[in-house]
Amino acid sequence: MTAPAPLPPARRTLALVSILLSTLAGTIDTSIVNVALPKLAVELHAAPSETVWVATAFLLAVSCAVPATSALGDQIGRRRMYLIGVPVFTLASLGCALAPTLGLLVAFRVVQGLGSAVILAVAIPLYRRLFPPEQLGQVLGINAMTVALGTSAGPTLGGLILAALPWPWLFLINVPIGVISFVLAWIVLPAGTPQRGDYDWQGAVWAAAAIASLLVGVRQLAAVATLWHAAVLLAACAVFVALFLRRERMAPRPLIPLGLFTGTFSLTVATAWASFLGQGVAFVALPFLFQSAYHATPLESALLFTPWPLVIVFVAPLAGRVADRVRPAYLALTGLVILTGGLVMLALLGSNPPIWLVLLSTAVCGFGFGTFQSPNNRDMMAAAPLLFSASAAAVLNTNRTIGQSAGSAAVSMALVLSGAAAGSAAEQASAAASVLWIAVLAAVLAVALSAAKLRATVPAPA
């Protein structure tokens, strides 16, 4: 399949703005509601433990739907899918704002997550359609910057909104963004040629079941009483994965072609997973460390952590641009070495470090991850034939979720097995400092895999 001719620059820019706006809104919504959960419990007359589903339902819907919606974009056309996903996300956001009960709010969050999944699923394939190959790294860098900005800005933006406005405005801000994104996309996105064929519904079901079992299962690792729940769910995940692989070998047009996982692509996916594992461990362990060992307030803890995503915002686009001029694997390996050094700095901070050293350590981690992510994503997409763009994008997005969830599970298991989960602040601080070495080991694994990718000579699948 040959690449279509790119659009004129002005039209490409407007299309990029549309996709980035919707991506930003979707990533902000993964965390903007977290600060409002106590308020929601009071105003919707619900138990605090039940309001957690307002956050969980969105994440589950996004994660489970990305593989299915990626393949559906090939089936009916990515432009059409995008023009469906943006209104679904926007109208569901309006539904969240108007929801009178917790049950309806959770239901609309599921629909909102489905809309966000559609946007994520077709965004990167659309980039490959819109931009010439020599600009792909730069565009993926801007996309990585947008994701980092949305992820880091969510809690802060949520706090600012709640300081002046009622909680429905957490969702109402998506409405004008969605309208602008839709209008721009309707005007400038080119019509594609759908790849008609047998849609792999069975594969979509097994993939969603496996991802849901995994994500819910790892959440059950946070307490001794629910460890058996985790064991059952993770065993079910293994069964669903086996069924998914069996189906993909037999499907006339598989959801994710298994032939994609050869050569550079497989090594790139494994490298990304190990890096997200390390990042996931650090993202969960650091708040425990800051608040238990350093006695920081939640706001102070957020400020100590801010350099990590903030540096990614500036570094990722630059790394993506450089990756268009040099071999991306060299940049990715360099970034992982820097990330490993930053994680070692965090693990060695001790019990009473100066604030500047904490900020420097998190900034070094952000610099390393920002240098790694865009080139590695470019390598992943370049290693996939254009025909498999949607499948590769699904792997990229799902890989990030699974890696970060595994990191969260590693911290939960460490706290449970050490007894620190129900222990004193000092015990939690000690466990959090120790578990950071898991993040270091994950980063070292990523370095090894990235180095192996440099030596790999296996070509991408035809």
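What this report covers is the structure whose coordinates are included nearby. Computed from a prediction, not measured in an experiment: that's the story for all the values here.

### Things to note about the side chain of threonine 268
Then comes step 1: When you line up the elements, threonine 268 lands in helix α11 (residues 263-293).
Then comes step 2: Overall, threonine 268 belongs to the buried group, its relative accessible area being 0%.
Then comes step 3: In contact with threonine 268, not counting residues within four places along its chain, are Asn376, Asp379, Met380 and Lys453.

### A look at empty space enclosed by the protein
Then comes step 1: A complete count under the given rule lists 1 cavity of 30 Å³ or more for this structure.
Then comes step 2: Put simply, the largest cavity is a space of about 130 Å³.
Then comes step 3: At the level of secondary structure, the elements contributing two or more residues to the lining of the largest cavity comprise α5 (102-130), α6 (136-164), α15 (355-383) and α16 (389-418).
Then comes step 4: Sorting elements by how many residues they give to the lining of the largest cavity places α6 first, with 4 residues.

### Here's the deal with the packing of helix α13 (residues 307-323) against α15
Geometry of a packed helix pair, given as the angle between the helix axes and the separation of the axes.
Then comes step 1: Their axes nearest at 7 Å, the elements α13 and α15 cross at an angle of 35 degrees. The two elements α13 and α15 meet at a crossing, and its hand is right-handed. Contacts from Pro307, Trp308, Val311, Ile312, Val315, Ala316, Ala319, Gly320 and Ala323 in α13 reach Leu359, Thr362, Ala363, Cys365, Gly366, Phe367, Phe369, Gly370, Thr371, Ser374, Pro375 and Arg378 in α15.
Then comes step 2: Grouping the amino acids of the contact of α13 with α15 by side-chain chemistry returns 14 nonpolar, 6 polar and 1 charged.

### With respect to the environment of serine 213
Then comes step 1: Structurally, serine 213 is set in helix α9 (residues 201-219).
Then comes step 2: A C-alpha to C-alpha distance of 5.2 Å links serine 213 and leucine 233, two positions 20 residues apart in sequence.
Then comes step 3: The residues touching serine 213, leaving out its near neighbours within four places in the chain, are Leu233, Leu234, Ala236, Cys237 and Phe240.

### Brief notes about the packing of aromatic side chains
When we look at a pair of aromatic rings, we describe it by the centre distance and by the angle of the planes.
Then comes step 1: Scanning the model with the defined rule gives 5 aromatic pairs in all.
Then comes step 2: Taking 6.3 Å as the distance between ring centres and 85 degrees as the angle between the ring planes, the aromatic pair formed by tryptophan 167 and phenylalanine 171 counts as edge-to-face.
Then comes step 3: Aromatic ring contacts, followed pair by pair, group Phe276, Phe369 and Phe372 into a single cluster.
Then comes step 4: Above the plane of the ring of tryptophan 186 lies arginine 79, whose end atom (NZ or CZ) is 5.5 Å from the centre.

Thresholds applied
- Residues numbered from 1 in each chain as written.
- Predicted model: local features only at pLDDT ≥ 70, side-chain atom pairs only at ≥ 80, totals over all residues.
- Heavy atoms only, no water.
- Helix = DSSP H or I, 4+ residues; strand = E, 2+ residues; numbered from the N terminus.
- Buried < 20%, exposed > 50% of the residue type's maximum accessible area, 1.4 Å probe, protein only.
- Contact = heavy atoms within 4.5 Å.
- 1 Å grid on protein atoms, 1.4 Å probe; cavity = no way out; pocket = protein on both sides within 12 Å on 5 of 7 lines; lining within 4 Å.
- Points joined across faces, edges and corners; volume = space filled by probe spheres on them.
- Axes fitted to C-alpha atoms, helices over the stretch in contact; angles between N-to-C directions.
- Left-handed = near helix turned anticlockwise from the far one by under 90°.
- Nonpolar A, V, L, I, M, F, W, Y, C, P; charged D, E, K, R; others polar.
- Phe/Tyr/Trp six-rings, centres within 6.5 Å; stacked < 30°, edge-to-face > 60°.
- Lys NZ or Arg CZ within 6 Å of the ring centre and 35° of its normal.

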